[in-house]
Amino acid sequence: NHNIPLQVTITVNPMSATAGDFTALAQTLTLPPGGDQQLQTLTGQIIDDSIAEGMESFSVELGVQSGDTQVALGEISTATVMIVDNDGIAIGFTQARHHESEGTGGVPVTVQMVSGRLDTTITVRMYTVDGVATTSDDYRAVDMNMTFSSLMTT
């Protein structure tokens, strides 16, 4: 129980998140005079960007102001916030069917990023599967990785 307002400092550590992923939190939290079990809630908004970037995190840490002997930190004085990404990337072929005559060499098959925006580099595996045409008689098998670079956008 305390009879005067108590102040704690708030420090945000970005970890893997950046300032563009969430709004800033208050730098000081004031607990008004009163009972032992008072709750205060800090609210920060997660910013919904359009970048596929995977899970990110930041931490929020409580601290006492210099020289304040009335406030002691509890057992849990740091909280980690995980931001779950909701920006999917869609990869696809530019066309569903390809027609090529025998003896002409290869058939160009183009893969594109259909939607989304990358903030990292991703690798997509592309490989052939036998159908009516078979590897042993009709075509040379392909099994390759394709890389899409960061900051590509559709």
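The notes below deal with the structure included here. Keep in mind it's a predicted model, so treat the numbers as computed, not measured. (Residues numbered from 1 in each chain as written. Predicted model: local features only at pLDDT ≥ 70, side-chain atom pairs only at ≥ 80, totals over all residues. Heavy atoms only, no water.)

### Some points on the nonpolar core
Counted only if it meets this: To define a nonpolar core, start from buried Ala, Val, Leu, Ile, Met, Phe, Trp, Tyr and Cys residues and group those joined through side-chain atoms within 4.5 Å. Each residue's exposure class comes from its accessible area (1.4 Å probe, protein chains only) as a fraction of the maximum for that residue type: buried when under 20%, exposed when over 50%, partly exposed otherwise. A helix here means a DSSP run of H or I that spans at least four residues, while a strand means a run of E at least two residues long, and both kinds are numbered starting from the N terminus. In this analysis, two residues are considered to be in contact whenever any of their non-hydrogen atoms come within 4.5 Å of each other.
Counting eleven residues, the largest nonpolar core consists of Leu6, Val8, Ile10, Ala17, Phe22, Leu25, Leu29, Phe58, Val60, Val71 and Ile83. Of all the secondary structure elements, the ones that give two or more residues to this core are β1 (6–13) and β3 (56–64). In terms of residues, this core owes the most to one element, β1, which gives three residues. Excluding residues that lie within four positions of it along the chain, leucine 29 makes contacts with Leu6, Gln7, Val8, Ile10, Gln40 and Leu42. Counting six residues, the second-largest nonpolar core is a separate cluster that includes Val111, Met113, Leu118 and Phe148.

### Focus on unusual backbone geometry
Despite not being glycine, methionine 15 has its phi angle at roughly 50°, a positive value. Mapped onto the fold, methionine 15 is located in the loop between β1 and β2 (28–31).

### Quick word on the pattern of salt bridges
Should the charged atoms of two oppositely charged side chains come close, the side chains can pair. Note the cut-off: When a carboxyl oxygen of Asp or Glu is within 4 Å of a side-chain nitrogen of Lys or Arg, the pair counts as a salt bridge.
Within this structure, the stated rule accounts for one salt bridge. Here aspartate 143 and arginine 125 are joined by a salt bridge, their closest N and O atoms 2.8 Å apart. Note that aspartate 143 is positioned in strand β8 (residues 143–148) and arginine 125 in strand β7 (residues 122–127), a separation of 18 residues in sequence. We classify aspartate 143 as exposed; its relative accessible area is 52%.

### A look at the pairing of β3
Heads up, the condition is: Strand pairing is defined by DSSP finding a minimum of two bridges between the two strands.
As paired elements, β1 and β3 share six bridges and run antiparallel to each other. Its bridge partner lying in β3, valine 8 is registered against valine 64. Taken together, the six bridges between β3 and strand β4 (residues 78–83) define a ladder with antiparallel strand orientation. Looking across to β4, one finds that glutamate 61 is bridged to threonine 78.

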